[in-house]
Amino acid sequence: QVQKQLDQIEQRSYQISYLVHNLVGLSQDTVPHFSPVDLTALIDELEQAWDVTNGKIPRFAINKSGDLPAVLGNRVLLSSVLHNLMRIFSTLAGPDTVPRLQVTHIESENNVKISIANGTPGLSDDEIEQLLDLFYRGSKISPGTGLALFISKRVVELHGCHLEIRNDEDLGTVFEILLQASGPATL
C-alpha cells in the first residue's frame, strides 16, 4: 500500500517537473530551434515510455499513416504536447473507452494532421472556448489540467499552427494539430 502511494507521488512529481520545465522554456523570449522531426519515431518512443510508466497495456489506440513525412518543429516541445494530451485523455476516458491518436499526411497541403480523440461525449461550446485558457478548471475533460493544456496550446502556436478543439458524434472531443511537413520523405 505504501509502495503504491510512493509510486503515485513519484509519478505526480515527474508530471509537475515536466510541465514546469516546459513552461520555463516557453516563458523565455527566444525562438526554439526548429528542424525536421520524425513523428513516427517520436510517437513510437512515447508509446514505449507509456508502456513502461503505466506498467500495463496502454489504454490508447495509435494509428499512423505509412507515408508520414518529417515535420518542421522542435522535437522536445512536440513530445511534450503529445505526452500532455495523451496523459489527459487517457486519465479522463471511461473504463470502457479507448482514446485514439491518429496521424495522417495531407499531401495536397503539405501538412501532417495529428488528431487525439477521447471517445467520450463531447463538451459544450462554452467549455471548448475556455478549455485552453491558463488554469481553466471548469471542464470534465480538464479538472486540474489547465496548465498542461495552456502549455500545449502555446507550443503549437510557436510552431505557427493552431490547436483546434471540436466535437465529433463518433469520436467525442477531438484535439487537432496541423503541422507543416518539412519535405516529402520521412527521416
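Refer to the structure presented above.
First, a word on what this report is: a plain description of the structure on this page. (Residues numbered from 1 in each chain as written. Predicted model: local features only at pLDDT ≥ 70, side-chain atom pairs only at ≥ 80, totals over all residues. Heavy atoms only, no water.)

Observations concerning the overall build of the chain
Phase 1: On a plain count of helices and strands, the chain comes out with five helices and seven strands.
Phase 2: If you list the helices and strands of the chain from N to C, you get α-β-α-β-β-α-β-β-α-α-β-β.
Phase 3: Here the contacts in the chain between residues at least 6 apart in sequence split such that 71% fall between residues at least 24 apart. (Helix = DSSP H or I, 4+ residues; strand = E, 2+ residues; numbered from the N terminus. Contact = heavy atoms within 4.5 Å.)

What about unusual backbone geometry?
Phase 1: Within the chain, Asn110 stands out as a residue other than glycine whose phi angle is a positive 55°.
Phase 2: Counting through the fold element by element, Asn110 comes out in the loop between strand E4 (100-106) and strand E5 (111-117).
Phase 3: Classification of Asn110 as partly exposed rests on a relative accessible area of 31%. (Buried < 20%, exposed > 50% of the residue type's maximum accessible area, 1.4 Å probe, protein only.)

Here we look at the side chain of His105
Phase 1: In this structure, His105 sits in strand E4.
Phase 2: Residue class for His105 comes out buried when judged on its relative accessible area of 17%.
Phase 3: Not counting residues within four places of it along the chain, the set of residues in contact with His105 comprises Ser65, Asp67, Leu68, Pro69, Asn110, Asn111 and Val112.

Digging into the pattern of salt bridges
Any two side chains of opposite charge can pair, on the condition that their charged atoms come close.
Phase 1: In the structure shown here, the tally under the stated rule is five salt bridges.
Phase 2: The partner of Lys64 in a salt bridge is Asp44, with the nearest N and O atoms 2.4 Å apart. Pair noted here: Lys64 is in strand E2 (residues 61-64) and Asp44 is in helix H2 (residues 39-54), with a separation of 20 residues, a long-range link.
Phase 3: The exposure class of Lys64 is partly exposed, given its relative accessible area of 29%.
Phase 4: Between Arg166 and Glu176 there is a salt bridge, and its shortest N-O distance comes to 2.7 Å. Taken together, the residues span a long stretch of sequence, with Arg166 in strand E6 (residues 163-168) and Glu176 in strand E7 (residues 172-180) at a distance of ten residues.
Phase 5: Note on Arg166: relative accessible area 25%, which makes it partly exposed. (Salt bridge = Lys/Arg side-chain N within 4 Å of Asp/Glu carboxyl O.)

Here we look at the pairing of E5
Phase 1: In terms of burial, E5 is largely enclosed, as six of its seven residues are buried.
Phase 2: As paired strands, E4 and E5 are joined by seven bridges and run antiparallel to one another. Bridging from a neighbouring strand, Leu101 pairs with Ile116 of E5.
Phase 3: Hairpin connection between E4 and E5: a loop of four residues separates the two successive antiparallel strands, and Asn110 in this loop has a positive phi of roughly 55°. (Pairing = 2+ DSSP bridges.)

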